[in-house]
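Here's the letter readout for the chains.
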There are 4 protein chains.
Amino acid sequence: MADHATVKTALKAQVIETPSWGYGNSGTRFKVFAQQGVPRDPFEKLDDAAQVHAATGVAPFVSLHIPWDKVEDYAALAAHAEERGLTLGAINSNTFQDDDYKLGSVAHPDPKVRRKAVDHLLECVDIMDATGSRDLKLWFADGTNYPGQDDIVARQDRLFEALSEVYARLGEDQRMILEYKFFEPAFYTTDVPDWGTSYAHCLKLGDRARVVVDTGHHAPGTNIEFIVAFLLRERKLGAFDFNSRFYADDDLMVGSADPFQLFRILHEVAKNGGFAPEAQVAFMLDQCHNIEAKIPAVIRSVMNVQEATAKALLVDTDALRCAQQAGDVLGANAVLMDAYNTDVRPLLREVREEMGLHPDPLAAYRASGWQERIVAERVGGLQAGWGA
Amino acid sequence: MADHATVKTALKAQVIETPSWGYGNSGTRFKVFAQQGVPRDPFEKLDDAAQVHAATGVAPFVSLHIPWDKVEDYAALAAHAEERGLTLGAINSNTFQDDDYKLGSVAHPDPKVRRKAVDHLLECVDIMDATGSRDLKLWFADGTNYPGQDDIVARQDRLFEALSEVYARLGEDQRMILEYKFFEPAFYTTDVPDWGTSYAHCLKLGDRARVVVDTGHHAPGTNIEFIVAFLLRERKLGAFDFNSRFYADDDLMVGSADPFQLFRILHEVAKNGGFAPEAQVAFMLDQCHNIEAKIPAVIRSVMNVQEATAKALLVDTDALRCAQQAGDVLGANAVLMDAYNTDVRPLLREVREEMGLHPDPLAAYRASGWQERIVAERVGGLQAGWGA
Amino acid sequence: MADHATVKTALKAQVIETPSWGYGNSGTRFKVFAQQGVPRDPFEKLDDAAQVHAATGVAPFVSLHIPWDKVEDYAALAAHAEERGLTLGAINSNTFQDDDYKLGSVAHPDPKVRRKAVDHLLECVDIMDATGSRDLKLWFADGTNYPGQDDIVARQDRLFEALSEVYARLGEDQRMILEYKFFEPAFYTTDVPDWGTSYAHCLKLGDRARVVVDTGHHAPGTNIEFIVAFLLRERKLGAFDFNSRFYADDDLMVGSADPFQLFRILHEVAKNGGFAPEAQVAFMLDQCHNIEAKIPAVIRSVMNVQEATAKALLVDTDALRCAQQAGDVLGANAVLMDAYNTDVRPLLREVREEMGLHPDPLAAYRASGWQERIVAERVGGLQAGWGA
Amino acid sequence: MADHATVKTALKAQVIETPSWGYGNSGTRFKVFAQQGVPRDPFEKLDDAAQVHAATGVAPFVSLHIPWDKVEDYAALAAHAEERGLTLGAINSNTFQDDDYKLGSVAHPDPKVRRKAVDHLLECVDIMDATGSRDLKLWFADGTNYPGQDDIVARQDRLFEALSEVYARLGEDQRMILEYKFFEPAFYTTDVPDWGTSYAHCLKLGDRARVVVDTGHHAPGTNIEFIVAFLLRERKLGAFDFNSRFYADDDLMVGSADPFQLFRILHEVAKNGGFAPEAQVAFMLDQCHNIEAKIPAVIRSVMNVQEATAKALLVDTDALRCAQQAGDVLGANAVLMDAYNTDVRPLLREVREEMGLHPDPLAAYRASGWQERIVAERVGGLQAGWGA
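Residues numbered from 1 in each chain as written. Chains lettered and ligands numbered in written order. Predicted model: local features only at pLDDT ≥ 70, side-chain atom pairs only at ≥ 80, totals over all residues. Heavy atoms only, no water.

(A) Seen up close, the overall build of chain A. Assigned secondary structure in chain A consists of 14 helices and ten strands. Relative to the 2.2 N^0.38 estimate, which gives 21 Å for 388 residues, the radius of gyration of chain A is 21 Å and therefore close to what a compact globule would have. For chain A, buried positions account for 70% of its 388 residues. Counting only contacts in chain A whose residues sit at least 6 apart along the sequence, the fraction spanning at least 24 positions is 78%. (Helix = DSSP H or I, 4+ residues; strand = E, 2+ residues; numbered from the N terminus. Rg over C-alpha atoms; globule rule 2.2 N^0.38 Å. Buried < 20%, exposed > 50% of the residue type's maximum accessible area, 1.4 Å probe, protein only. Contact = heavy atoms within 4.5 Å.)

Printed below as a string of structure tokens:
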């Protein structure tokens, strides 16, 4: 069993990236419920993210989404972040909210639309230069709704052409990370529907192209930890988009629907060196807090990742390997379950206190008065959401 | 094999109800793509529905959705419909788009919100009185996103209390038809998630409460025709909400994702007397034409239902029964497949010509010039969508 | 929060029923891997079950499966059980392993086959009379593989006729509990595919007919705890068949694939009075230990149910209700998760010690020498499996 | 639209491979129902396959399964085939039915078991040398049932090592084709669970390693035609294992559960050159005729593939491309549906007559008297099944 000191050191070194859009409004196609105190601009989103980092101590990175987080002066935004102990993280592109993108973006049959989409991606790299971000995170809503609507292979050709152009534009320290998604908003084909498709493209693009695993983007029953282990073996795992789901891409708080799955995923990360800085795996959240309070939900999500990580780190890897090699099915499973069944909350409280933090991040947030302040102060203006 | 004359008579007598909201804009949580010429009010929606009926001859009913189709004068709306050969159909309630409904409507923990929701349902019955509609169609977005969020049983109690009050308010010729849905927008529990729940409530409510089968509202792999057959056996099938899907509630054009499934469903309807007027089964569409032209998509959908119906009517029921009773697995399957593999488009062209219609409804619509006219004339104003 | 004394009392009173066939060989259609020491007859199965009860203290009931457990003298079998502190539990019928049942049993198109099947069910009631069993557990493999193969409604009619005849034969203290299953071995329709179908039949049969929830018998994504809560509300939950799965009816050890789901199910049981003797809910295991050691796997499964039960009993129901009524989504979820995240193994060790048991049932079993003994002694003869 | 002469030529050139084991008994874990007249050895299986080829004219290849089809003299077996107009096709390995393989074969933790498994694969290549077979078809049941049971990455390492050794043994004209499967018989991880895993291994192995797409081996909702198109684009599609399913790996007759899906798959094959001999795609059946007559079921399956192929070939590719490039969603879909909705049975009757065959293969088989003959003659001996 890993000794507690080592586990604590690892937990203190953990880095989780929260998404700027998680602080804004979101919803379903049926309704976006607004919440009081929601940020009106990227600067206010960073202010909220700073609260999460203050309470947890492990969330210093913030992903941006372009154009939702477009600003005149990215240096000013980066400075705003730095003042709050934050660093700007991945730049997320958006090629799905313009009327031109009704039938796709980089895979659209019309070259003019493809050009527009690629130009947006190149602009995102410009923004990365300005913010110092390492990762260009690409998710494409591209696909089709009806059989015959478009040519599957032609769309792959167009996709790869676009990716190639953008990849060539990356700086030496920049990466392209490519997300896949089973379905939605496309309902027949999706152009990057599974890890295999993303992997195949990344392989051709080069070493700085890697796969993003969004935990909500799989077919029912898919064994996600297998994919994670496989990609780590291939050195092609670029990042996680954490969230959880019971059905489709529900975007619930990570760990809330299936905490055991999250543990199994993080066990593979731990076992295969994925927490090491040189593995260059980014641990991001990508969630929608449609009905629950947003900042506390992000804090809770960070805590869920921490708890699952702690359990994963507590796995007695020597005992596990022994049981596995002996073919002891029940014994090996029991080693894993022993770690999972451990209550790691006391350990995490210790970790936080040793980091100079309140042992209970949610209590710390409540005590901060921040929620009351933003509800009182953020009056008027247009609340941030998926459209702004 | 059913003789062609009988089949034709049945096809001419078919009645399909189209939804007012199918003519307006719709989309996913990522984007609603607007289309030119979309109606700005319920009267214009009826104008479009009239085009579908003119082209197909079998779509005289139009469902309304309250409040999206709220008007000052429902008698005027009914008259507008009648002048175009249409009849106002089911009234669909909406208890999911007000900020009060964030945690539910009729099953909300707060009695004030439940009161508001029930009042809306009662108002819908008032509107039924004014429009002469037979059916109150209830779909509740109610549910929860997180384990523990609310009490499952308490929500059933509240739901049943609300249904009972509304059922008691119905006139003698009015019905309550209760839709179920697997998930979305609720992502953990849904208060009416399956046919069993709807059936159990309808059984307690009384004879005028029946189940609505929306073909997109099931878990992956669910055998929908089994449910249809079971409900017809119990005389509890109230209506269909037709659409199709590859994944979740994709709301694609009925018959576009799995035409064989649609045929199997309609085979059960035919075999079990569901097309007879006394069966009182309403055949409604409920779809989202997010990226395709709306009126042509509705026409195509009506045609898809007609084609599947024609095939279902062509099943040689005597031969089928013989093979079934003999335990001839391949033989019985072959009888069904013979009907399915028949190209019924020539038969339907004949039917249309005998009804005085153009044999090709889509060509008829194109020739009508209606699309050009609405694009030219419907300029300005707020396009109808799910929110209006 | 429930005080520990109350929780302990409840845990000591818990009763779990293990299946005789769980001690025999089982496998997939690809291969049944035999294990050393497997019982050769029902008496030896009871001997193994007695070891599970000895180690855990909460597994005194054993389900039988007819004809796998057919014996000349059921009184002798019952006496054999009693001598070991066991009681014979539910009688499980088998109408799927005779060549006559290729196209079904009670729903078969041929009345002769139906008669044979019903006679078998009546024989099972005779056996119940002899063993003193309360429950006749019915699972039917009946269904079809191809569209058109048989008439869905006719099969329901035949099914209900058979159930009615058997129900009429039951003694006053006997029950019929009817299991549903999504699919397998039938691959197109299954005659009792979901809880709604079982519920509808049980409702017509009478108060002593109830639904069995097998946790592996649902469509992907189905919310099982909703069904459990609904059936408890209707007083129609008769029993659980516990096991777990990642994909289909995998029949893995209960709690091994999704321990959080098991906790949520047992939370609904606890919340809705399902653990009370008067609720008459039977807690059975129904699993296949294809590759792991069988007796230790059953012990582990019992422990998994105990741990999930302990967590469910620890839920602070007052705090939960408060948060639910206040619409505090995160707060209510947190109350539930607090119980789930508790390490209840120390509590269960205490419970066992207070019951005069070894705190670690698996260690107790290992120390007993039973495994070595049966491997040494049970040589020759035909090992028990699904076919014997 | 493709002219009929071209379509006919293509249909006459079609080659479908039937599996030797499809003529033997098969079943589910619950029961294998035996049928009269089933072959007792590989020679009799070829006799039955010859009937399928005689009736359809397009099924000259027969896959073998080792050890089920092990014979002393493969040259004699090949001669037996040749005399009947047949050719021996792919050699299928079996590393799942020996007791040693309880925890896997090529990925087993014990090197002795791995050695045994690899030796079996090498023996299969020896058999290929003897039979002249081109393809070694590999499907591994390898995986785990419980989290922690074995190390995911270590198993990949072992798998790749085994594949590499066998690949190196292949002759220049021989190929390795690697099948993936979502789950079953492993219920937690499967070592080759998806096309991405098979693809990644094949890519490293070399040009003569290709992916097998079994149409029943995917997660619910998976878009199989996307995978087919993608693999054709990469020149990595080696073969199909055709069958169909409603739920899991049901192994029903191809085209019986979702004929539209089969059409869409074959449309991608046609569109992307997959029917051309130089594409080297093998079209195999892999099915279980558990309850239906076996030879007629294979004939029907071949006909289903022919019908779907005919429809795929009838797609008006020029019109389709035009509509796709114009972004005409409904128009493009309509072009595809026009082909699908065509009744191609008359065309296939013509094709058969021009090939000198009976226009109705099933009638031809019935008229042949073969079924009566095998029922009468194949008495005694051990019927072939999955175990022999």
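Let us keep going from here.
(B) Representation of the interface of chain D and chain A in the model. Taken residue by residue, the interface counts 52 residues in chain D and 52 residues in chain A. Of the roughly 4200 Å² buried at the junction of chain D and chain A (both faces included), carbon and sulfur atoms supply 63%. Among the residues of chain D in contact with chain A, Phe226, Arg233 and Gln324 of chain D are the three that bury the most area, contributing 15% of the side total. Remark: the boundary between chain D and chain A carries six salt bridges. With its nearest N and O atoms 2.9 Å apart, the salt bridge here joins lysine 204 of chain D to glutamate 234 of chain A. Linking chain D with chain A are 16 residue pairs in polar contact (both at pLDDT 80 or more). Looking at the side of chain D that touches chain A, the elements with two or more residues in it are helix 5 (152-169), strand 7 (189-190), helix 6 (195-205), helix 7 (224-233), helix 8 (259-271), helix 10 (317-325) and helix 11 (329-340) of chain D. Sorting elements by how many residues they give to the side of chain D that touches chain A places helix 6 of chain D first, with eight residues. (Buried area = accessible area lost by both parts, 1.4 Å probe. Salt bridge = Lys/Arg side-chain N within 4 Å of Asp/Glu carboxyl O. Polar contact = N/O pair within 3.5 Å; in protein donor to acceptor, adjacent residues only side chain to side chain.)

(C) Region of interest: the packing of aromatic side chains. Applying the stated rule across the entire model yields 88 aromatic pairs over all chains. Here the aromatic rings of tryptophan 195 of chain A and phenylalanine 230 of chain A are separated by 5.2 Å at their centres, their planes lie at 50°, and the arrangement is tilted. Residue tryptophan 195 of chain A is found in helix 6 (residues 195-205), and its partner phenylalanine 230 of chain A is found in helix 7 (residues 224-233); the two are separated by 35 residues along the sequence. We classify phenylalanine 230 of chain A as buried; its relative accessible area is 1%. One aromatic cluster is present, built from ring pairs that chain together Phe182, Phe183, Phe187 and Tyr188 of chain A together with Phe246 and Tyr247 of chain B. Its guanidinium or amino end placed over the ring of tyrosine 101 of chain B, lysine 116 of chain B lies 5.6 Å from that ring's centre, counting from NZ or CZ. (Phe/Tyr/Trp six-rings, centres within 6.5 Å; stacked < 30°, edge-to-face > 60°. Lys NZ or Arg CZ within 6 Å of the ring centre and 35° of its normal.)

(D) A look at the relation of the copies chain B and chain D. You can overlay chain B on chain D at an RMSD of 0.0 Å; the transform is a turn of 180° with a shift of 0.0 Å along its axis. Taken together, the turn and the small shift mark the pair as related by a two-fold rotation axis. Residue aspartate 343 of chain B, judged by its C-alpha, is the member of chain B lying nearest the rotation axis, at 2.6 Å. Mapped onto chain D, 100% of the interface residues of chain B again fall at the interface, so both copies present the same surface. (Least-squares fit on C-alpha atoms with pLDDT ≥ 70 in both.)

(E) Representation of the interface of chain B and chain D. Contacts between chain B and chain D engage 31 residues on the former and 31 residues on the latter. A buried area of about 2300 Å², summed over both sides, lies between chain B and chain D, and 55% of it is on carbon and sulfur atoms. On the surface where chain B and chain D come into contact, there are two salt bridges. Note that aspartate 338 of chain D is salt-bridged to arginine 345 of chain B, the shortest N-O span being 2.9 Å. Where chain B meets chain D, there are three residue pairs in polar contact (both at pLDDT 80 or more). When contributions to the side of chain B that touches chain D are tallied by element, the ones reaching two or more residues are helix 8 (259-271), helix 9 (294-314) and helix 11 (329-341) of chain B. Here the side of chain B that touches chain D gets eight residues from one element, more than from any other, and that element is helix 11 of chain B.

(F) Representation of the relation of the copies chain D and chain A within the structure. When chain D is brought onto chain A, the operation consists of a screw motion whose angular component is 180° and whose axial shift is 0.0 Å, with 0.0 Å RMSD remaining. When the interface residues of chain D are mapped onto chain A, 100% of them again fall at the interface, so both copies present the same face.

(G) Quick look at the UniProt feature "domain: Xylose isomerase-like TIM barrel" (unreviewed entry) in chain A. Following the UniProt record, the feature "domain: Xylose isomerase-like TIM barrel" (unreviewed entry) maps to residues 66-268 of chain A here. End C-alpha to end C-alpha, residues 66-268 of chain A measures 32 Å, and it is 39% helix and 15% strand. (UniProt positions renumbered as here; feature names shortened; annotations may be inferred.)

(H) Seen up close, the pairing of strand 2 (residues 61-65) of chain D. All names here are of chain D. Counting buried residues along strand 2, four of its five residues qualify, which places the element largely inside the surrounding structure. With three bridges joining them, strand 1 (residues 17-19) and strand 2 adopt parallel strand pairing. Residue glutamate 17 lies in a different strand from strand 2, and its bridge partner there is phenylalanine 61. Handedness of the crossover joining strand 1 and strand 2 through helix 2 (residues 42-56) is recorded here as right-handed. Across four bridges, the pairing between strand 2 and strand 3 (residues 87-92) is parallel. Paired with leucine 64 across the strands is isoleucine 91, a residue of strand 3. A crossover connection joins strand 2 to the parallel strand 3 through helix 3 (residues 74-83); in handedness this β-α-β unit is right-handed. (Pairing = 2+ DSSP bridges. Right-handed = clockwise from strand over helix to strand, strands pointing away.)

(I) Highlighting the packing of helix 6 (residues 195-205) of chain B against helix 7 (residues 224-233) of chain C. With their axes 12 Å apart at the nearest point, helix 6 of chain B and helix 7 of chain C run at an angle of 20° to one another. As summarised for this structure, helix 6 of chain B and helix 7 of chain C are arranged roughly parallel, according to the angle between their axes. The way helix 6 of chain B lies across helix 7 of chain C gives a crossing that is left-handed. Counted together, Thr197, Ala200, His201 and Lys204 of chain B of helix 6 of chain B and Phe226, Phe230 and Arg233 of chain C of helix 7 of chain C form the full contact between these two elements. Considering only residue class, the contact of helix 6 of chain B with helix 7 of chain C consists of three nonpolar, two polar and two charged. (Axes fitted to C-alpha atoms, helices over the stretch in contact; angles between N-to-C directions. Parallel < 35°, antiparallel > 145°, perpendicular 65-115°, else oblique. Left-handed = near helix turned anticlockwise from the far one by under 90°. Nonpolar A, V, L, I, M, F, W, Y, C, P; charged D, E, K, R; others polar.)

(J) Representation of the pattern of salt bridges within the structure. Scanning the model with the defined rule gives 160 salt bridges over all chains in all. Measuring nitrogen to oxygen at the nearest pair gives 2.9 Å for the salt bridge that ties glutamate 123 of chain A to lysine 70 of chain A. You can see glutamate 123 of chain A sitting in helix 4 (residues 111-131) and its partner lysine 70 of chain A sitting in the loop between strand 2 (61-65) and helix 3 (74-83), a full 53 residues away along the chain. Overall, the relative accessible area of 26% leaves glutamate 123 of chain A in the partly exposed class. Residue classification places lysine 70 of chain A among the partly exposed positions, given a relative accessible area of 44%. Here aspartate 98 of chain A ties to lysine 116 of chain A by a salt bridge, and the two come within 2.9 Å at their closest N and O atoms. On the criterion of sequence distance, the pair formed by aspartate 98 of chain A in the loop between strand 3 (87-92) and helix 4 and lysine 116 of chain A in helix 4 is long-range, its members being 18 residues apart. Taking relative accessible area as the criterion, aspartate 98 of chain A reaches 30% and is therefore assigned partly exposed. Through salt bridges that share partners, Arg29 of chain A together with Lys181, Glu184, Asp249 and Asp251 of chain B make up one connected network.

(K) Structural context of the packing of helix 10 (residues 317-325) of chain A against helix 11 (residues 329-341) of chain A. Residues and elements named next belong to chain A. Packing of helix 10 against helix 11 leaves a shortest axis separation of 8 Å and a crossing angle of 160°. In terms of axis orientation, helix 10 runs roughly antiparallel to helix 11. Where helix 10 crosses over helix 11, the two elements pack in a sense that is left-handed. Contacts between helix 10 and helix 11 involve Ala319, Leu320, Ala323 and Gln324 from the first element and Gly331, Ala332 and Val335 from the second.

(L) Focus on the environment of serine 368 of chain A. Residues and elements named next belong to chain A. In this structure, serine 368 sits in helix 13 (residues 361-368). Expressed as a C-alpha distance, the spacing of serine 368 and threonine 197, which sit 171 residues apart in the sequence, is 45 Å. Within polar-contact distance, the side chain of serine 368 engages the backbone oxygen of tyrosine 365 at 2.6 Å.

(M) The arrangement of the environment of histidine 267 of chain A in detail. All names here are of chain A. Mapped onto the elements, histidine 267 comes out in helix 8 (residues 259-271). In this structure, the C-alpha to C-alpha distance between histidine 267 and valine 315, residues 48 residues apart in sequence, is 7.9 Å. Sequence-distant contacts of histidine 267, defined by excluding residues within four places in its chain, comprise Ala312, Val315, Leu320 and Leu336.

(N) Local environment of unusual backbone geometry. In the segment running from isoleucine 66 of chain A into proline 67 of chain A, the intervening peptide bond is cis, with an omega of 20°. When you line up the elements, proline 67 of chain A lands in the loop between strand 2 and helix 3. Positioned with a positive phi, aspartate 251 of chain C is a non-glycine residue whose angle comes to about 55°. Within the secondary structure layout, aspartate 251 of chain C lies in the loop between strand 9 (237-242) and helix 8 (259-271).

(O) Geometry of the side chain of arginine 345 of chain C. Structurally, arginine 345 of chain C is set in helix 12 (residues 345-354). Assessed through its relative accessible area of 16%, arginine 345 of chain C is described here as buried. A polar side-chain atom of arginine 345 of chain C sits 2.9 Å from a polar atom in the side chain of aspartate 338 of chain A. Among residues more than four places away in sequence, those in contact with arginine 345 of chain C are Asp338, Asn341 and Thr342 of chain A together with Glu307 of chain C.

(P) Up close: helix 3 of chain D. All names here are of chain D. Every buried residue belonging to helix 3 is among Tyr74, Leu77, His80 and Ala81, and all of these are buried. Down the axis of helix 3, the buried side of the element spans an arc of 115°, and every buried residue falls inside it. Facing away from the buried surface of helix 3 by more than 90 degrees, the exposed residues are Ala75, Glu82 and Glu83. In this structure, the buried side of helix 3 is in contact with helix 2, strand 2, strand 3 and helix 4 (111-131). Where helix 3 begins, the capping side chain belongs to aspartate 73, and its oxygen is found 3.0 Å from the backbone nitrogen of alanine 75. Of the residues trailing helix 3, glycine 85 is marked for its positive phi of about 80°. (Arc of directions from axis to C-beta.)

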